[in-house]
Amino acid sequence: MTTSTIQPPKPREQTPTKAAARRRSARSRREAAAGWGFVAPALAIVLGLTVFPGVWALVLSFQSWDGFSPATPVGTQNYQDLVTDASLGAAVLHTGLYTVLFVPASLLLGLFLAVALNRKIRFIGLYRTAVFVPFVASAAATGILTTYLFSPQFGIVNNVLRVLHLPQQGWLEDRSEAMLVIIVMSLWGQAAFTTVIYLAALQDVPGEVIEAARIDGANAWQTFWRVVWPQLTPVTTFVAIYQTLQAVQLFDLVYATTRGGPLDATQTIVYHLWKVAFQNLQFGYGSAIAYGLFFLTLVTTVIVTVAQRRAGRSTP
């Protein structure tokens, strides 16, 4: 009797398609690992400068800490103090006034300049550059220029008023005028941003649509309001949100000019936060103010977005 040897089954050979898929999958994993290897250092830095400080500030907002002695838990006391802080309430009013006046003026001025610069005339590149230059100036330079222009004693504006035999003003030393000066100089520095954004949007409007409106008998105003303006609604929403966030977080220009004066007339939320945290060393309460500002900014953004979308739907 012959004993037959049982051969083990041969492994099933992979088809060329499956083998290629496996190679592609392995190559993709290696490329992903290499990509994460390049990104990981920058990602760690970004997270370390955003997530960690945010979490730490949240923890501090429930504590009392002066930066030196051990922190003391106080529960929600810091957030309760936000309601009764008269200085913070005044800073909120000043910031609200600045925002209400600055944002619409910034949008209108930027739109006006963009329409004026959206044409083919001689030296148009020079004009556009001149409009954008103030935007790249530092807050310190803008503050020095503001002081040089609006100083009650030696400012250029009062010297011009003196030559014209007009009454001189207190400007930065007058409680009723200091915030207006801050708004004017903010427009000088920030209107360039809205101008550039609107100018890019205007250049994206199809020329055929404008030409068709003119052929149909629409004048310049009707063409702009009925044809061009609806095309600018998304851009207006973006610019309004951006400028609102910038207005709510106003600090550098106030710090470089009035330091919150005169008599706290220009003290904004962020400047008050800076005083509480870094002058009075109340880091816990300062963190609570920061998170209050965060929620205020979030609510403001939502309101502006909803208002702009409704305005866009109602635009004929």
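The structure this text deals with has already been given above.
Residues numbered from 1 in each chain as written. Predicted model: local features only at pLDDT ≥ 70, side-chain atom pairs only at ≥ 80, totals over all residues. Heavy atoms only, no water.

Visitor: Got a minute to help me understand the overall build of the protein in this structure?
Guide: Across its full length, the protein holds 13 helices and 2 strands. In terms of overall size, the protein is more extended than a compact globule, its C-alpha atoms giving a radius of gyration of 30 Å where 316 residues would be expected to give roughly 20 Å. Principal axes of the C-alpha set define a box for the protein whose edges measure 130 × 75 × 35 Å. Taken over 316 residues, the protein has a buried fraction of 34%. In the protein, once contacts between residues fewer than 6 apart in sequence are set aside, the share between residues at least 24 apart is 64%. Accessible surface, the protein as shown: approximately 19900 Å² in total, 66% of it carbon and sulfur. Taken together, the 22 basic and 14 acidic charged side chains of the protein have centroids lying 18 Å from each other. (Helix = DSSP H or I, 4+ residues; strand = E, 2+ residues; numbered from the N terminus. Rg over C-alpha atoms; globule rule 2.2 N^0.38 Å. Buried < 20%, exposed > 50% of the residue type's maximum accessible area, 1.4 Å probe, protein only. Contact = heavy atoms within 4.5 Å. Areas by Shrake-Rupley, 256 points an atom, 1.4 Å probe, with all protein chains shown as cover. Lys, Arg positive; Asp, Glu negative; His and termini not counted. Charge placed at Lys NZ, Arg CZ, Asp CG, Glu CD.)

Visitor: Got a minute to help me understand the packing of aromatic side chains in this structure?
Guide: What describes a pair of aromatic rings is the distance from one ring centre to the other and the angle between the planes of the rings. Applying the stated rule across the entire model yields 22 aromatic pairs. Look at Trp 65 and Phe 283: their rings are 5.6 Å apart centre to centre, the planes differ by 45°, and that puts the pair in the tilted class. Separated by 218 residues along the polypeptide, Trp 65 in the loop between β1 (63-64) and β2 (72-73) and Phe 283 in helix α13 (residues 283-314) bring together distant segments of the chain. The rings of Phe 52, Trp 56, Trp 65, Phe 278 and Phe 283 are connected pair by pair, giving a single aromatic cluster. Positioned over the ring face of Tyr 255 is Arg 259, at 3.9 Å from the centre of the ring. (Phe/Tyr/Trp six-rings, centres within 6.5 Å; stacked < 30°, edge-to-face > 60°. Lys NZ or Arg CZ within 6 Å of the ring centre and 35° of its normal.)

Visitor: Mind showing me how you'd approach the packing of helix α9 (residues 220-231) against helix α10 (residues 233-248) here?
Guide: The geometry of a pair of packed helices is captured by two quantities: the angle between their axes and the separation between those axes. Between α9 and α10, the least distance of the axes is 4 Å, while the angle of their chain directions is 55°. Relative to α10, the element α9 is oriented oblique. For the pair α9 and α10, contact is made by Trp 229, Pro 230 and Gln 231 and by Thr 233, Pro 234 and Thr 236, respectively. Tallied by class, the residues present in the contact of α9 with α10 amount to 3 nonpolar, 3 polar and no charged. (Axes fitted to C-alpha atoms, helices over the stretch in contact; angles between N-to-C directions. Parallel < 35°, antiparallel > 145°, perpendicular 65-115°, else oblique. Nonpolar A, V, L, I, M, F, W, Y, C, P; charged D, E, K, R; others polar.)

Visitor: What exactly am I supposed to notice about a nonpolar patch on the surface here?
Guide: Taken together, the side chains of Trp 36, Phe 38, Val 39, Leu 43, Leu 47, Val 51, Phe 52, Val 55, Trp 56 and Val 59 present a nonpolar region at the surface, about 1000 Å² in accessible area. When you line up the elements, Leu 47 lands in helix α1 (residues 16-60). What makes Leu 47 partly exposed here is its relative accessible area of 41%. (Patch = residues over 30% accessible without salt bridge, like charges linked within 9 Å, V, L, I, M, F, W, Y side chains within 5 Å. Salt bridge = Lys/Arg side-chain N within 4 Å of Asp/Glu carboxyl O.)

Visitor: What should I look at first to understand unusual backbone geometry in this one?
Guide: A negative phi holds for most residues other than glycine; trans holds for most peptide bonds. Cis geometry marks the peptide bond from Gly 261 to Pro 262; its omega dihedral reads -5°. Considering the arrangement of structural elements, one finds Pro 262 in the loop between α11 (252-256) and α12 (269-279). Even without being glycine, Phe 123 reaches a positive phi, approximately 65°. Positionally, Phe 123 belongs in the loop between α3 (86-117) and α4 (124-136). A residue is classified by how much of its surface remains accessible, and Phe 123, at 49% relative accessible area, is partly exposed. In this model, Trp 171 sits at a positive phi of 50°, which is unusual for a non-glycine residue. As for its position among the elements, Trp 171 is in the loop between α6 (156-163) and α7 (178-204). The class for Trp 171 is buried, based on a relative accessible area of 18%.

Visitor: In this structure, what is going on with the nonpolar core? I would like to understand it.
Guide: The nonpolar side chains of a soluble globular protein tend to be buried with one another. The biggest cluster of nonpolar side chains holds 36 residues, and the ones touching the most others in it are Tyr 98, Tyr 198, Val 228 and Leu 232. Among the elements of the structure, α3, α7, α9, α10 and α11 are those that each provide at least two residues to this core. Sort the elements by how many residues they give to this core and α7 lands first, with 10 residues. Setting aside anything within four residues of it in sequence, one finds Leu 232 in contact with Leu 111, Tyr 198, Ala 201 and Leu 202. In this structure, Val 270, Leu 273, Ile 289 and Leu 293 belong to the second largest nonpolar core, which totals 10 residues. (Core = buried A, V, L, I, M, F, W, Y, C linked by side-chain atoms within 4.5 Å.)

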